[in-house]
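Structural characterization, general
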Amino acid sequence: MNTTLITRSNEGEKYLLYAKLDNAKILYNLAKSVNFKEHAVFCALDSGLKISCEDAKSTQGIAFVHTDLFQEYSVKEDCVCIKINLSVLIECLNIFGSIVNSIPTALKICYEGYGHPLSLLLEDNGIITECNIKTMEADSLVNFEFDFDRIINKIIIKSEGLKEALSEIDVSNDIIEIVISIEKQFLRLSSFGLIGDTHIDIPASSDYIESFDCKKTQVNRYKVSFFRNSLKALVSSSKVALRITDSGVMGIQFLIPIPELSKMAFVEFYFCPDEEIE
Amino acid sequence: MKFGVKLIDSSNIEYFTQIVSTVSKLCSKTASDKSCALKLTPDMVFFILPEFAANNLGSGGSGRTSFWISLDPKSIFDFYICEGKSMDDNLIMLEIQAENLLRALKSSPNMKMVRIKLTKRQTPCITVEIDLHSMSSKTSSRTITHDIPVKVISSSKLSSNDFQEPNINMTNLSILMPPIKIVKHMIERMKCLSDFVSLEASDQGTLTFKIDADAVSVCTYFRNLTNFPIHAQRQNACEYSLCTVRLSLKRLSDFINALQFQPNKIICNFVNNKYAHFFVIHNEDLVLQYLISSVLI
């Protein structure tokens, strides 16, 4: 069955990146979850594929497809990075759609190197589609300096809980305030709208909260649009980890179950606070 | 001139509604004034949109399209009668807004019987009378009448070339299309990526859809499709082993999305680099012919 070894097939020999996925939907769903901008940086690492999407150097969404989700995966260099039109990639991955109760669409990804297109080969029931996506040079991505040593607060919450809380947020204002309180032992999401203020309190003792690791009370405000970018990932996830550093930088990690393979994938979002309030 | 139709069976009512819905959608996308011709003969019923009426230059126009639908009234209607002006001229030709006919057929649920006939109110009309099932045993059933104005196209004004069935003399290659569900989905995705698609068919049963856009080029290969032989006795006939047409994805998508019934099969006749002639066949009772012309690069 699947192993975490990086396998090299004879066919893959001439490619810088060669990967095979029995079910194209897996990559389709993960790519869609970070498609809040048209273009993305597509990186092939030893450990798997990383799709990074960035908006105005202020927020980043990263989908990670680990090698053990692939049937075959080989990359010849340490890190092969290209910029592609992510919306186009997603349309191509969905070319056959999903017909329930049938064998899933198989996918082969090939990349020869600089100047060559990113090739996708999809097969469904004898029908073959070949896509050649033009590539560009990868822009450098913002380094959020998300220092894992400087995480002050970390909360693991069940996705339904966060979904419910975010749906109550008043959209008339574009700011959301997140309070994690050590004294009151809760996570509070607040919005300040035209009709009034909305506060949603989730106590640490709530069934939704799996872990509440608070070192210091923090109050931070973030743009609601940054949370909205991550809604697709939230909807397909089972659990969410909210991590905030001492400078208020938010790192959200979504755990996405892949039932077809009984495995997990991760999608992360990073963004800075709007104003700092101590 | 006399014309009468009765629809009693609910599945017949539904099927005829689907057909009119298809005509209405095709008209709205191709005819500038959303009307088409309705030709009634004792044996057949036709909905026709001739090429000259479908010159759609205004809306992103690339290529002219036209359609020809023939229906077998004996299997679609529960009762049908048609008499023209005289024995030699035994047909009725009308210009109709299919949308109006559709609105009448969809006006109410619980239809018990639909009667359609030609009448003369202020102007010639197609009158649709719908008997509804009564809501309770106490109230008697109600009848709703719709009068749809139509124009009668006098046969003296028609030349022998008008409203003729599209000919297949120019066909170079004929192939059965792959399952419509797959093609429909694929065309929708391709529409997001490009404006035009090249269809390449071979006499070995292969059909390829190719798009070439700035950001991406996509090719979908279908194999093991059935080719149909073309009669080689005709003057202009030339059987090709490979045929290509370049079609507007919007036109192709509008055509496929207009189909409101489930066809048994769709055959495509290719005229190399000129046009694609589609035959949509449903059971033995309906044939829809639709032409999309090829666009040069």
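Residues numbered from 1 in each chain as written. Chains lettered and ligands numbered in written order. Predicted model: local features only at pLDDT ≥ 70, side-chain atom pairs only at ≥ 80, totals over all residues. Heavy atoms only, no water.

This part is about the overall build of chain A. Scanning chain A from N- to C-terminus turns up 5 helices and 20 strands. For chain A, the C-alpha radius of gyration of 20 Å lies close to 19 Å, the compact-globule estimate for 278 residues. Taking the principal axes of the C-alpha coordinates as reference, chain A spans close to 60 × 40 × 35 Å. Residue burial in chain A is summarised as follows: out of 278 residues, 52% are buried. Within chain A, contacts between residues at least 6 apart in sequence are counted, and of these 66% link residues at least 24 apart. When the accessible surface of chain A is summed, it comes to about 12900 Å², and 50% of that surface belongs to carbon and sulfur atoms. In chain A, the 27 positive side-chain charges and the 40 negative ones have mean positions that sit 1 Å from each other. (Helix = DSSP H or I, 4+ residues; strand = E, 2+ residues; numbered from the N terminus. Rg over C-alpha atoms; globule rule 2.2 N^0.38 Å. Buried < 20%, exposed > 50% of the residue type's maximum accessible area, 1.4 Å probe, protein only. Contact = heavy atoms within 4.5 Å. Areas by Shrake-Rupley, 256 points an atom, 1.4 Å probe, with all protein chains shown as cover. Lys, Arg positive; Asp, Glu negative; His and termini not counted. Charge placed at Lys NZ, Arg CZ, Asp CG, Glu CD.)

With that settled, consider the overall build of chain B. Scanning chain B from N- to C-terminus turns up 5 helices and 18 strands. Per-residue burial for chain B yields a buried fraction of 51% across its 297 residues. Sequence separation of at least 24 residues holds for 65% of the intrachain contacts in chain B that already meet a minimum separation of 6. For chain B, the computed accessible surface area is about 14400 Å², with 49% contributed by carbon and sulfur atoms.

For the structure on display, the rule yields 1 disulfide over all chains. There is a disulfide in this structure between Cys43 of chain A and Cys81 of chain A, and the S-S distance comes to 2.0 Å. Every disulfide takes its handedness from the sign of the S-S torsion; for Cys43 of chain A and Cys81 of chain A that torsion is 100°, giving right-handed. Taken as a pair, Cys43 of chain A in strand 2 (residues 39–45) and Cys81 of chain A in strand 6 (residues 79–85) lie far apart in primary sequence, 38 residues in all. On the accessibility criterion, Cys81 of chain A (31% relative accessible area) is partly exposed. For Cys92 of chain A, which is in no disulfide, the shortest distance to another cysteine sulfur is to Cys131 of chain A and amounts to 3.5 Å. Cys36 of chain B provides the cysteine sulfur closest to Cys27 of chain B, a residue in no disulfide bond, and the two sulfurs are 3.9 Å apart. On the basis of relative accessible area, Cys27 of chain B is assigned to the buried category, the value being 1%. (Disulfide = S-S within 2.5 Å.)

On to helix 5 (residues 249–258) of chain B. For helix 5 of chain B, the tally of buried residues reaches 8 of 10 residues, placing the bulk of the element in the interior. Looking at helix 5 of chain B, one finds that the buried residues are Leu249, Arg251, Leu252, Ser253, Asp254, Phe255, Ile256 and Ala258 of chain B.

Turning to helix 3 (residues 159–167) of chain A, its buried residues number three or more, namely Ser159, Gly161, Leu162, Ala165 and Leu166 of chain A. Viewed along the axis of helix 3 of chain A, the buried residues span an arc of 160°, placing them on a single side of the element. (Arc of directions from axis to C-beta.)

It is worth spelling out the pairing of strand 8 (residues 124–132) of chain B at this point. Residue and element names in this part refer to chain B. Burial within strand 8 is extensive, with 8 of its 9 residues counted as buried. With 9 bridges joining them, strand 7 (residues 111–120) and strand 8 adopt antiparallel strand pairing. Bridge pairing links Lys120 to Pro124 in strand 8. As consecutive antiparallel partners, strand 7 and strand 8 are separated by 3 residues. (Pairing = 2+ DSSP bridges.)

Another aspect to go through is the interface of chain A and chain B. Tallying the contact residues gives 16 residues for chain A and 18 residues for chain B. Roughly 1500 Å² is buried in total at the junction of chain A and chain B, and carbon and sulfur atoms are behind 60% of that figure. Among the residues of chain A in contact with chain B, Glu91, Ile95 and Ile127 of chain A are the three that bury the most area, contributing 34% of the side total. Summed over the shared surface of chain A and chain B, the number is 1 salt bridge. The tally of links from chain A across to chain B stands at 10 residue pairs in polar contact (both at pLDDT 80 or more). Residue assignment for the side of chain A that touches chain B shows that the elements contributing at least two residues are helix 2 (86–93) and strand 9 (127–133) of chain A. In terms of residues, the side of chain A that touches chain B owes the most to one element, strand 9 of chain A, which gives 7 residues. When its residues are assigned to classes, the side of chain A that touches chain B shows 8 nonpolar, 5 polar and 3 charged. (Buried area = accessible area lost by both parts, 1.4 Å probe. Salt bridge = Lys/Arg side-chain N within 4 Å of Asp/Glu carboxyl O. Polar contact = N/O pair within 3.5 Å; in protein donor to acceptor, adjacent residues only side chain to side chain. Nonpolar A, V, L, I, M, F, W, Y, C, P; charged D, E, K, R; others polar.)

Looking now at the sheet that holds strand 17 (residues 239–245) of chain A. Residues and elements named next belong to chain A. The antiparallel open sheet is built from 10 strands, whose spatial order is 10-6-2-3-4-19-18-17-11-15. Two strands bound the open sheet, and with one partner strand each, they are strand 10 (136–137) and strand 15 (209–214). Of the strand pairs in this sheet, strand 2 and strand 6 are connected by 7 bridges, and their pairing is antiparallel. If you follow Cys43 over to strand 6, its bridge partner there is Cys81.

Next up on the list: the packing of aromatic side chains. Two aromatic rings, taken as a pair, are described by how far apart their centres are and by the angle between their planes. In this structure the tally under the stated criterion is 15 aromatic pairs over all chains. Centroid distance Tyr222 of chain A to Phe271 of chain A: 5.5 Å. Interplanar angle 80°. Geometry classified as edge-to-face. You can see Tyr222 of chain A sitting in strand 16 (residues 218–223) and its partner Phe271 of chain A sitting in strand 19 (residues 263–271), a full 49 residues away along the chain. The two residues Tyr222 of chain A and Phe271 of chain A agree in class, both being buried. Among the aromatic residues, those joined into a cluster by ring pairs are Tyr222, Phe226, Phe227 and Phe271 of chain A. Here Lys6 of chain B stacks its cationic end above the ring of Phe79 of chain B, 5.0 Å away from the centre of that ring. Across from the ring centre of Phe196 of chain B, 4.4 Å away, lies the NZ or CZ of Arg246 of chain B, which sits over that ring. (Phe/Tyr/Trp six-rings, centres within 6.5 Å; stacked < 30°, edge-to-face > 60°. Lys NZ or Arg CZ within 6 Å of the ring centre and 35° of its normal.)

So, about the confidence of the model for chain B. Residues and elements named next belong to chain B. Here chain B averages 86 in pLDDT, while 90% of its residues score no lower than 70. This stretch, residues 53–64, has a pLDDT under 50; its non-local contacts, to residues over four places away or in other chains, come to 23 contacts. Predicted as a complex, the structure gets a pTM of 0.87 and an ipTM equal to 0.86. (pLDDT = per-residue confidence, 0-100.)

Quick look at the side chain of Ser52 of chain A now. Residues and elements named next belong to chain A. Considering the arrangement of structural elements, one finds Ser52 in strand 3 (residues 48–55). Taking relative accessible area as the criterion, Ser52 reaches 2% and is therefore assigned buried. With sequence-adjacent residues up to four places away left out, Ser52 is seen in contact with Ala40, Val41, Gly61, Ile62 and Leu141.

Right, let's get into the packing of helix 1 (residues 10–30) of chain B against helix 5 of chain B. Axes are the key here: two packed helices are described by the angle between their axes and the distance separating the axes. Residue and element names in this part refer to chain B. Relative orientation of the contacting elements helix 1 and helix 5 amounts to 160°, with a least axis distance of 9 Å. Here helix 5 runs roughly antiparallel to helix 1, going by the angle between their axes. The way helix 1 lies across helix 5 gives a crossing that is right-handed. Taking contact as the criterion, the partners of Thr22, Lys25, Leu26 and Lys29 in helix 1 are, on helix 5, Arg251, Asp254, Phe255, Asn257 and Ala258. For the contact of helix 1 with helix 5, the residue count by class is 3 nonpolar, 2 polar and 4 charged. (Axes fitted to C-alpha atoms, helices over the stretch in contact; angles between N-to-C directions. Parallel < 35°, antiparallel > 145°, perpendicular 65-115°, else oblique. Left-handed = near helix turned anticlockwise from the far one by under 90°.)

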